[in-house]
Amino acid sequence: RQARGPEARETVARGGPEQGSGQRAAPPSDRPPAPAVQDVRLAERGLDLDHDGREDKYETSGAQPAGPGIVFLQLPDPGRKAATSGLIGRLADSASPAGRAAYEALVAHAGPHNAGLLRQAVSAHGPDPVQAAVEATAAIAAEYRRQGLGDAEILTAFQSGQAATDLRSTLDTPLADAELAAVADLVLLPERRLTRVQLAGVIGAQVETGRSTIAGVQAAIGSPVHFGGQTGNIRGVIAGAQALQLAPKELARLAEQIAAGLREAVQAELLQAGHRPEVVHPFVSSLAALPAAVTVPQTTATPVARNDEENSEEA
């Protein structure tokens, strides 16, 4: 995977299923990045030589827990370690131009919530304890991988609090658990990748269980951020699935047919089943407009912390 630098995390990609990948630009040398909205990243399907439905470059070792898509992490390379250390150091003087630029870079890279927690930790304790937590987090994640844990299992270890316990056993840190989670998000860059079919299945499951909102879908895939340019399409699929009374497997099947280029056949099937055109046409358009693959951020924060801060946006 291409390295992702904290100076510029390009997280926005708009458009339909053929939109270009959401790869992030390499960090500039001195310039602060332009403000960015943390958002889902869209990507075309890549090579799948083993025909298991997962893009080969996102294959990870170890077991994947129940849940849609595939989780992957990126431990920092030396360049990203140096860039992260520089940002944390400059946060110590948050009122200076350099401090403000560092904070803006963290907002673009880690989101405003995590950037605020990191600035809070540096302000209260200085940059050294935060930097020590960065190094300890990277070391713990590397040790988990050495033990054979897959990326999803490592993320679960952080979300369950086990990683924080392991870290505190080796590091006397003044950082609160929420601040340690912000550090871990910065270090590991956790993400989940789903195909259109998998996302449709998630949407269907939320409709079936009565959580037919944007926030419900967001929570189901563990994303701490909104869907940005895809929000309208997801709302359209939710509305259509409700009106057509589609079970999750049926919705996923229709998405799979659309992915195979059978959009007109899907539309004809629904119309022949007696559904109204004014319901069928916008539903099929929204389902077809979902990206072929979507990559969404994850967070190492515990479920309790995530629920306290969950976006309350409704569909």
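How each quantity is defined
Residues numbered from 1 in each chain as written. Predicted model: local features only at pLDDT ≥ 70, side-chain atom pairs only at ≥ 80, totals over all residues. Heavy atoms only, no water. Axes fitted to C-alpha atoms, helices over the stretch in contact; angles between N-to-C directions. Helix = DSSP H or I, 4+ residues; strand = E, 2+ residues; numbered from the N terminus. Parallel < 35°, antiparallel > 145°, perpendicular 65-115°, else oblique. Left-handed = near helix turned anticlockwise from the far one by under 90°. Contact = heavy atoms within 4.5 Å. Nonpolar A, V, L, I, M, F, W, Y, C, P; charged D, E, K, R; others polar. Polar contact = N/O pair within 3.5 Å; in protein donor to acceptor, adjacent residues only side chain to side chain. Buried < 20%, exposed > 50% of the residue type's maximum accessible area, 1.4 Å probe, protein only. Pairing = 2+ DSSP bridges. Core = buried A, V, L, I, M, F, W, Y, C linked by side-chain atoms within 4.5 Å. Salt bridge = Lys/Arg side-chain N within 4 Å of Asp/Glu carboxyl O.

Trainee: Please give an account of the packing of helix 10 (residues 231-244) against helix 13 (residues 277-289) that cites residues and values.
Mentor: Two numbers describe how helix 10 lies on helix 13: the axes approach to 8 Å, and their chain directions differ by 135°. Considering their axes alone, helix 10 and helix 13 lie oblique with respect to each other. Here helix 10 runs over helix 13; the crossing is left-handed. Where helix 10 abuts helix 13, its residues Asn233, Gly236, Val237, Gly240, Ala241, Ala243 and Leu244 lie against Val279, Val280, Phe283, Ser286, Leu287 and Ala289. Grouping the constituent residues of the contact of helix 10 with helix 13 by class yields 9 nonpolar, 4 polar and no charged.

Trainee: Describe the environment of arginine 253, and please don't skip the residues or the numbers.
Mentor: On the secondary structure map, arginine 253 appears in helix 11 (residues 248-259). Arginine 253 sits 13 residues away from valine 266 along the chain, and the two C-alpha atoms are 9.7 Å apart. A polar side-chain atom of arginine 253 sits 2.5 Å from a polar atom in the side chain of glutamate 269.

Trainee: Describe helix 5 (residues 151-159), naming the residues involved and giving the relevant values.
Mentor: In terms of burial, helix 5 is a largely internal element, 7 of the 9 residues being buried. Phi turns positive one or two residues past the end of helix 5, at glycine 161, with a value near 95°.

Trainee: Lay out the pairing of strand 3 (residues 191-195) in plain terms, naming residues and giving numbers.
Mentor: Most of strand 3 sits inside the fold, with 5 of its 5 residues counted as buried. Relative to strand 3, strand 2 (residues 70-72) is paired through 3 bridges, and the arrangement is antiparallel. Its bridge partner being in strand 3, phenylalanine 72 is matched across the sheet by glutamate 191. Pairing of strand 3 with strand 4 (residues 293-297), which is carried by 5 bridges, proceeds in the antiparallel orientation. By the bridge assignment, threonine 195 is partnered in strand 4 with alanine 293.

Trainee: Lay out the packing of helix 4 (residues 127-146) against helix 5 in plain terms, naming residues and giving numbers.
Mentor: At their nearest, the axes of helix 4 and helix 5 sit 10 Å apart, and the two run at 135° to each other. Between helix 4 and helix 5, the crossing angle belongs to the class labelled oblique. Here helix 4 runs over helix 5; the crossing is right-handed. Facing helix 4, whose interface residues are Thr137, Ile140, Ala141, Tyr144 and Arg145, helix 5 presents Asp151, Ile154, Ala157 and Phe158.

Trainee: Which residues make up the environment of leucine 155, and what are the values?
Mentor: For leucine 155, the location among the structural elements is in helix 5. Classification of leucine 155 by relative accessible area gives buried; the value is 3%. In this structure, the C-alpha to C-alpha distance between leucine 155 and threonine 299, residues 144 residues apart in sequence, is 8.1 Å. In contact with leucine 155, other than residues within four places in its own chain, are Val71, Leu73, Pro190, Gln298, Thr299 and Thr300.

Trainee: Got a sec to walk through the nonpolar core? Specific residues and values, please.
Mentor: Here is a general trend for soluble globular proteins: nonpolar side chains tend to be buried in one another's company. Of all hydrophobic cores here, the largest spans 36 residues; its most connected members are Leu118, Val130, Phe158 and Val183. Breaking this core down by element, the ones donating at least two residues are helix 1 (78-91), helix 2 (97-110), helix 3 (112-125), helix 4, helix 5, helix 6 (162-170) and helix 7 (177-188). Considering every element that reaches this core, the biggest residue donor is helix 4, with 8 residues. In contact with valine 130, other than residues within four places in its own chain, are Ile88, Leu118, Ala121, Val122, Leu175 and Val183. In this structure, Ile221, Leu244, Ile258 and Val294 belong to the second largest nonpolar core, which totals 31 residues.

Trainee: Summarise the pattern of salt bridges; cite the residues concerned and give the values.
Mentor: All told, the structure shown has 6 salt bridges when counted by the stated rule. Across the salt bridge formed by aspartate 151 and arginine 145, the nearest N and O atoms sit 3.0 Å from each other. The partner of glutamate 269 in a salt bridge is arginine 253, and the shortest N-O contact between them spans 2.5 Å. Placement of glutamate 269 in helix 12 (residues 263-272) and of arginine 253 in helix 11 is noted, with a sequence separation of 16 residues between them. Given a relative accessible area of 29%, glutamate 269 falls into the partly exposed group. The network of salt bridges with shared partners includes Glu250, Arg253 and Glu269.

Interpretation note: all reported values are geometric properties and have no functional meaning in isolation.
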